[in-house]
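# Reading the structure
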Amino acid sequence: MDTGLREKTVLITGAANGIGRSAAIGFAREGAHLGLLDIDEAGMNEVKAEAEALGVRVVVAAADLSTSAGVAGGMDALLAATGGQVDVLVNNVGSGAIRGFDDVSDEDWDATLQLNFMSYVRATRKVLPIFREKGGVIINNASDLARQPEPVPIDYSASKAAILALTKGLARAEGPKIRVNAVAPGPIWTPFWTKPGGFAETMGKFHKMEPQAAVEHEMKLRQLPMARLGHPEEVANVIVFLASDLASFVTSAVWGVDGGSIRAL
């Protein structure tokens, strides 16, 4: 099937690894040109080389997406490099740590919301004037925890619930020219989990177990029907679909890629 993505320009935040990286390669396989934004310049350059080998154009900008200046500067750099051309925005950047409510300070709450939520707001502001003129697609990366929060991490869950509200509100405000959807991944085995200080390490501290054992314990608690963590490519496939012409009548939707973690109808 023809996705209609060839020669389109896709901007992706948090593109250096994990779901963002897999999405970039997925779009490149469909012939889409890329603008990549992340704080990890070395990681982005690796993605750039891999995508360019597939025959597409790639521009990158390194920025701290937890700040207003970082998002503005990074997005401006990408749009300057593409000549203002953008057809799809994938808001993907995010981070989190496993900790109980009593251990989350005001500063922790602010840091989580600045990166996980406000970066989406700020990046979206940059593309809306363009999309309002010619149409476009926004895909927001949320989480199954936005719809079914666990006791931890509560700040992460709240930030992801805010993303769903943003998705629904924008879809209603900006249709029919702009489609806005969200993916809601379950636990996906990416550097988000495996990096020092990531979900696996902090989950180990929370459960007082080794990281791998703690992750396996958490999956049993969640009673995942698929009984495993997902792979970033499995989320990227849905992101590419939602951005494509194949999903031309899909907006205001939340697509779970979660191994069956959501029990609600």
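Structure: see above.
First, a word on scope: everything that follows refers to the structure included in this document. (Residues numbered from 1 in each chain as written. Predicted model: local features only at pLDDT ≥ 70, side-chain atom pairs only at ≥ 80, totals over all residues. Heavy atoms only, no water.)

## A few points about the nonpolar core
Judged by nonpolar contacts, the single largest core of 36 residues is most densely connected at Val10, Ile12, Phe27, Leu34, Leu36, Val90 and Ile239. For this core, the secondary-structure elements that each account for two or more residues are β1 (9-13), α1 (18-29), β2 (33-38), α2 (41-52), β4 (88-91), β5 (136-141) and α9 (232-243). Examining the composition of this core, we find that seven residues originate from one element, α9, more than from any other. Discounting residues that sit within four places of it in the chain, Ile12 has contacts with Gly20, Ala23, Ala24, Phe27, Leu34, Gly35, Leu36, Leu37 and Val90. With 32 residues, the next largest nonpolar core counts Leu79, Phe117, Ala123 and Ile138 among its residues. (Core = buried A, V, L, I, M, F, W, Y, C linked by side-chain atoms within 4.5 Å. Buried < 20%, exposed > 50% of the residue type's maximum accessible area, 1.4 Å probe, protein only. Helix = DSSP H or I, 4+ residues; strand = E, 2+ residues; numbered from the N terminus. Contact = heavy atoms within 4.5 Å.)

## Some remarks on empty space enclosed by the protein
Scanning the entire structure with this criterion turns up one cavity of 30 Å³ or more. Considering only enclosed or pocket space, the largest cavity measures out at about 40 Å³ in volume. Lining the largest cavity are Asp144, Leu145, Gln148, Glu150, Arg222, Ser261 and Arg263. In terms of residue class, the lining of the largest cavity is made up of one nonpolar, two polar and four charged. (1 Å grid on protein atoms, 1.4 Å probe; cavity = no way out; pocket = protein on both sides within 12 Å on 5 of 7 lines; lining within 4 Å. Points joined across faces, edges and corners; volume = space filled by probe spheres on them. Nonpolar A, V, L, I, M, F, W, Y, C, P; charged D, E, K, R; others polar.)

## Focus on the layout of surface pockets
Roughly 650 Å³ of volume is contained in the largest pocket. Lining the largest pocket are 34 residues, with Asn17, Val93, Gly94, Ser95 and Phe192 sitting closest to its centre. If you list the elements that add at least two residues to the lining of the largest pocket, you get α1, α5 (154-174) and α6 (191-194). By residue number, the principal contributor to the lining of the largest pocket is α6, which donates three residues. Taken together, the residues that form the lining of the largest pocket break down as 17 nonpolar, ten polar and seven charged.

## Structural notes on the environment of Gln148
Here Gln148 lies in the loop between β5 and α5. Distance from Gln148 to Ile239, taken between C-alpha atoms, is 21 Å for residues 91 residues apart in sequence. Other than its neighbours up to four places away in sequence, Gln148 contacts Ser261, Ile262 and Arg263. Looking at Gln148, its side chain comes within polar contact range of the main-chain nitrogen of Arg263, at 3.3 Å. (Polar contact = N/O pair within 3.5 Å; in protein donor to acceptor, adjacent residues only side chain to side chain.)

## Quick look at α2
With twelve residues, α2 extends 16 Å between its outermost C-alpha atoms, agreeing within 8% with the 16 Å of an ideal straight helix rising 1.5 Å per residue. Contacts made by the buried residues of α2 are with α1, β2 and β3 (58-62). Capping of α2 at its N-terminal end is provided by Asp40; its side-chain oxygen lies 3.4 Å from the backbone amide nitrogen of Ala42. (Expected span 1.5 Å × (residues − 1).)

## Quick word on the sheet that holds β2
By way of backbone hydrogen bonds, the strands of a sheet pair with one another, either parallel or antiparallel. Reading across from one edge, β3-β2-β1-β4-β5-β6-β7 is the order of the seven strands in this open sheet, with parallel pairing throughout. The two strands at the open ends of the sheet, each matched to only one other strand, are β3 and β7 (254-257). On average, adjacent strands in this sheet sit at an angle of 15° to one another, irrespective of strand direction. Bridge analysis of β1 against β4 gives three bridges, and the strand direction is parallel. (Pairing = 2+ DSSP bridges. Axes fitted to C-alpha atoms, helices over the stretch in contact; angles between N-to-C directions.)

## As for the pattern of salt bridges
By the definition in use, this model includes ten salt bridges. A salt bridge links Asp76 to Lys126; the shortest N-O distance between them is 2.9 Å. Taken together, the residues Asp76 in helix α3 (residues 68-81) and Lys126 in helix α4 (residues 106-134) connect sequence positions 50 residues apart. Under the relative-accessibility criterion, Asp76 is labelled partly exposed at 39%. Residue Lys126 is classed as partly exposed on the basis of its relative accessible area of 27%. Taking the shortest distance from any N to any O, the salt bridge between Glu201 and Lys205 comes out at 3.6 Å. With a gap of four residues between them, Glu201 and Lys205 both fall in helix α7 (residues 199-207), about one helical turn apart. (Salt bridge = Lys/Arg side-chain N within 4 Å of Asp/Glu carboxyl O.)

## Topic: the packing of α4 against α5
In the contact formed by α4 and α5, the axes pass within 9 Å of each other and the chain directions differ by 15°. In this view, α4 runs roughly parallel relative to α5, as classed from their interaxial angle. Once α4 is placed against α5, the crossing between them reads as right-handed. Contact with α4, carried on its side by Asp108, Trp109, Thr112, Leu113, Asn116, Phe117, Tyr120, Val121, Thr124, Leu128 and Arg132, involves Ile154, Asp155, Tyr156, Ala158, Ser159, Lys160, Ala162, Ile163, Leu166, Leu170 and Glu174 of α5 and no other residues of that element. Looking at side-chain class alone, the contact of α4 with α5 contains 13 nonpolar, four polar and five charged residues. (Parallel < 35°, antiparallel > 145°, perpendicular 65-115°, else oblique. Left-handed = near helix turned anticlockwise from the far one by under 90°.)

In short, shape yes, function no, at least from these values alone.
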